[in-house]
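Each chain is listed here by its residues.
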Amino acid sequence: MLRLVEKNHGEEKVLMKGYLDEIVQYLKDNDKIYTWILDEDKGMELPNLDEIKTLRDLEAELEKIDLNWWALEVKEM
């Protein structure tokens with residue numbers, strides 16, 4: 001089991017718990033969680049969630065939207 005965690009100015013909030021495929025689907029279904037970053041930086045690359053096969057794949061895609069003060073992370077439970 002994994003946790004999808006939103007980090008915002010040092011505060012952590014668990015957005016959901018589930019298996020890798022469930023978290024990927026949640027991110028696809030709720031893209032407003034991270035698409036707002038384009039308002040901060042139009043040049044940012046959004047994660048490609050269509051090719052995720054492993055936890056490492058997802059972590060690499062989420063690194064694309066790490067703003068230092070805000071990030072999404074996946075943690076093992």
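Everything here concerns the structure above.
Described below are features of the structure shown in this document. Nothing here was measured: the structure is a model prediction, and the numbers come from that model.

The rules behind the values
Every residue gets a number counted from 1 within its own chain, in the order that chain's sequence is written. In keeping with the predicted nature of the model, local features appear solely for residues at pLDDT of at least 70, side-chain atom pairs appear and are counted solely at 80 or more, and the whole-chain, interface and lining totals rest on all residues. Excluding hydrogens and water, the side-chain values take into account all heavy atoms of the structure. Note on geometry: axes are C-alpha line fits, over the in-contact stretch for helices, and angles between N-to-C directions span 0 to 180 degrees. Secondary structure elements follow DSSP: runs of H or I of four or more residues count as helices, runs of E of two or more count as strands, with numbering from the N terminus. Working rule for angles: under 35 degrees goes down as roughly parallel, over 145 as roughly antiparallel, 65 to 115 as roughly perpendicular, anything else as oblique. When the near helix sits turned anticlockwise from the far one by under a right angle, the crossing is termed left-handed; a clockwise turn instead gives a right-handed crossing. The contact rule is simple, with two residues in contact once any of their heavy atoms fall within 4.5 Å. Here the nonpolar group is Ala, Val, Leu, Ile, Met, Phe, Trp, Tyr, Cys and Pro; Asp, Glu, Lys and Arg are the charged ones; every other residue, Gly included, is treated as polar. We call a set of buried residues a nonpolar core when its members are Ala, Val, Leu, Ile, Met, Phe, Trp, Tyr or Cys and they connect through side-chain atoms within 4.5 Å of each other. Partly exposed residues are those whose accessible area sits between 20% and 50% of the maximum for their type, while under 20% is buried and over 50% is exposed, using a 1.4 Å probe and protein chains only. Along the arc lie the directions from the helix axis toward the C-beta atoms.

What about the packing of helix 1 (residues 20–29) against helix 4 (residues 55–63)?
Phase 1: Viewed as axis vectors pointing N to C, helix 1 and helix 4 meet at an angle of 25 degrees, and their least axial separation amounts to 10 Å. Classified by the angle their axes make, helix 1 and helix 4 are roughly parallel. Crossing handedness for the pair helix 1 and helix 4: left-handed. Of the residues in helix 4, those touching helix 1 at Leu20, Ile23, Val24 and Leu27 are Leu55, Leu58 and Leu62.
Phase 2: Classifying every residue of the contact of helix 1 with helix 4 by side-chain character gives seven nonpolar, no polar and no charged.

Here's the deal with the nonpolar core
Phase 1: In this structure, Leu4, Ile23, Leu27, Tyr34, Leu58, Leu62 and Leu72 are the most contacted members of the largest nonpolar core, which totals 21 residues.
Phase 2: Examining the composition of this core, we find that four residues originate from one element, helix 1, more than from any other.
Phase 3: Among all residues touching Leu62, those that are not within four sequence positions of it are Leu4, Leu27, Leu72, Glu73 and Val74.

Quick notes on helix 4
For the α-helix, the turn length of 3.6 residues means that residues three or four positions removed from each other point alike.
Phase 1: Listing the buried residues of helix 4 in full gives Leu58, Glu61 and Leu62. On an axial view of helix 4, the arc spanned by its buried residues comes to 100 degrees, and they lie on one face. Residues of helix 4 that are exposed and point more than 90 degrees away from the buried face comprise Arg56 and Glu63.
Phase 2: Against strand 1 (2–8), helix 1 and strand 3 (70–76) lie the buried residues of helix 4.

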